[in-house]
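Residue-level structural notes
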Amino acid sequence: NAGVTQTPKFQVLKTGQSMTLQCAQDMNHEYMSWYRQDPGMGLRLIHYSVGAGITDQGEVPNGYNVSRSTTEDFPLRLLSAAPSQTSVYFCASSHHYEQYFGPGTRLTVT
Amino acid sequence: AQSVTQLGSHVSVSEGALVLLRCNYSSSVPPYLFWYVQYPNQGLQLLLKYTTGATLVKGINGFEAEFKKSETSFHLTKPSAHMSDAAEYFCAVSDAGANNLFFGTGTRLTVIP
């Protein structure tokens, strides 16, 4: 049981490039979410999903897209990276209001 | 709307001393409250949670927290700090029955030998 996995661990992008951060969970949780963590700001919710085919915006959704075609996977897409998106990104899945976090992806946009 | 305030971005305690990390919340509906711990370069791990029932909740590693509705607080305590407790701690709130979490800005705990 791997829990929540995220790839890659580290990524450097140039401004304007696109990429997808991968997130997968093997716990059959319906709820999944993406957060970004910035110094002094805690974690902020980007997008979330309550089940396959259903997604919604969180607190800071601009510049990010998500989709949920399966229960297991919840990728986060950056269509045109900006330096303001330099951050650490965490994916989480939830069961009975307890969230299980992945190890994170550290993204730098130059 | 929900929000969380963590007083003190940095807290230092001596090994063996009491740990007290403060958290106040704002919520228009009954809240669910959580404390998470983050060790360097790792994800977040749940320490404890309050949903309903007993207002004093015990978590892992000897931590506990008390939900005080009248004070809108959920402070985290541990009677005796250990070097391994050095980490960043986050308080979070959600609406009862909801999964979306709103986090505080975190408190970095340093334990002095």
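Let me begin by describing the structure that accompanies this report. (Residues numbered from 1 in each chain as written. Chains lettered and ligands numbered in written order. Predicted model: local features only at pLDDT ≥ 70, side-chain atom pairs only at ≥ 80, totals over all residues. Heavy atoms only, no water.)

Summing up its helical and strand segments, chain B has zero helices and 12 strands in all. Mapped from its N terminus to its C terminus, chain B presents α and β elements in the order β-β-β-β-β-β-β-β-β-β-β-β. Whereas a compact globule of 113 residues would reach a radius of gyration of roughly 13 Å, chain B reaches 13 Å, a difference of no more than 12%. Based on the C-alpha atoms only, the size of chain B along its principal axes is roughly 40 × 30 × 20 Å. Residue burial in chain B is summarised as follows: out of 113 residues, 45% are buried. Counted over contacts in chain B with a minimum sequence separation of 6, partners at least 24 positions apart contribute 57%. When the accessible surface of chain B is summed, it comes to about 5300 Å², and 52% of that surface belongs to carbon and sulfur atoms. Averaging the locations of the 7 positively and 7 negatively charged side chains of chain B gives two centres separated by 3 Å. (Helix = DSSP H or I, 4+ residues; strand = E, 2+ residues; numbered from the N terminus. Rg over C-alpha atoms; globule rule 2.2 N^0.38 Å. Buried < 20%, exposed > 50% of the residue type's maximum accessible area, 1.4 Å probe, protein only. Contact = heavy atoms within 4.5 Å. Areas by Shrake-Rupley, 256 points an atom, 1.4 Å probe, with all protein chains shown as cover. Lys, Arg positive; Asp, Glu negative; His and termini not counted. Charge placed at Lys NZ, Arg CZ, Asp CG, Glu CD.)

Here we take up the interface of chain A and chain B. On the side of chain B, 19 residues touch chain A, which itself brings 19 residues to the contact. Of the roughly 1600 Å² buried at the junction of chain A and chain B (both faces included), carbon and sulfur atoms supply 54%. Sorting the residues of chain A by area buried against chain B places Leu 43, Tyr 97 and Phe 101 of chain A first, and these three jointly supply 37% of that buried surface. Viewed at the interface, chain B and chain A are joined by one salt bridge. The partner of Lys 49 of chain B in a salt bridge is Glu 98 of chain A, and the shortest N-O contact between them spans 3.6 Å. For the pair chain A and chain B, the number of links is five residue pairs in polar contact (both at pLDDT 80 or more). Of all the secondary-structure elements, those providing two or more residues to the side of chain A that touches chain B are β4 (31-38), β5 (42-51), β9 (87-95) and β10 (98-101) of chain A. Among the elements that make up the side of chain A that touches chain B, the one with the highest residue count is β5 of chain A (four residues). Classifying every residue of the side of chain A that touches chain B by side-chain character gives 10 nonpolar, seven polar and two charged. (Buried area = accessible area lost by both parts, 1.4 Å probe. Salt bridge = Lys/Arg side-chain N within 4 Å of Asp/Glu carboxyl O. Polar contact = N/O pair within 3.5 Å; in protein donor to acceptor, adjacent residues only side chain to side chain. Nonpolar A, V, L, I, M, F, W, Y, C, P; charged D, E, K, R; others polar.)

So, on to unusual backbone geometry. Here the amide bond leading from Thr 7 of chain A into Pro 8 of chain A is cis, since omega sits at -5°, within 30 degrees of zero. Checked against the element boundaries, Pro 8 of chain A lands in the loop between β1 (4-7) and β2 (10-13). With a phi close to 65°, Tyr 97 of chain A is a non-glycine residue in the positive phi region. Of the residues examined, Tyr 97 of chain A reaches a relative accessible area of 26% and is grouped as partly exposed. The phi torsion at Thr 72 of chain B lies on the positive side, around 40°, for a residue other than glycine. Along the chain, Thr 72 of chain B falls in the loop between β8 (64-68) and β9 (73-78).

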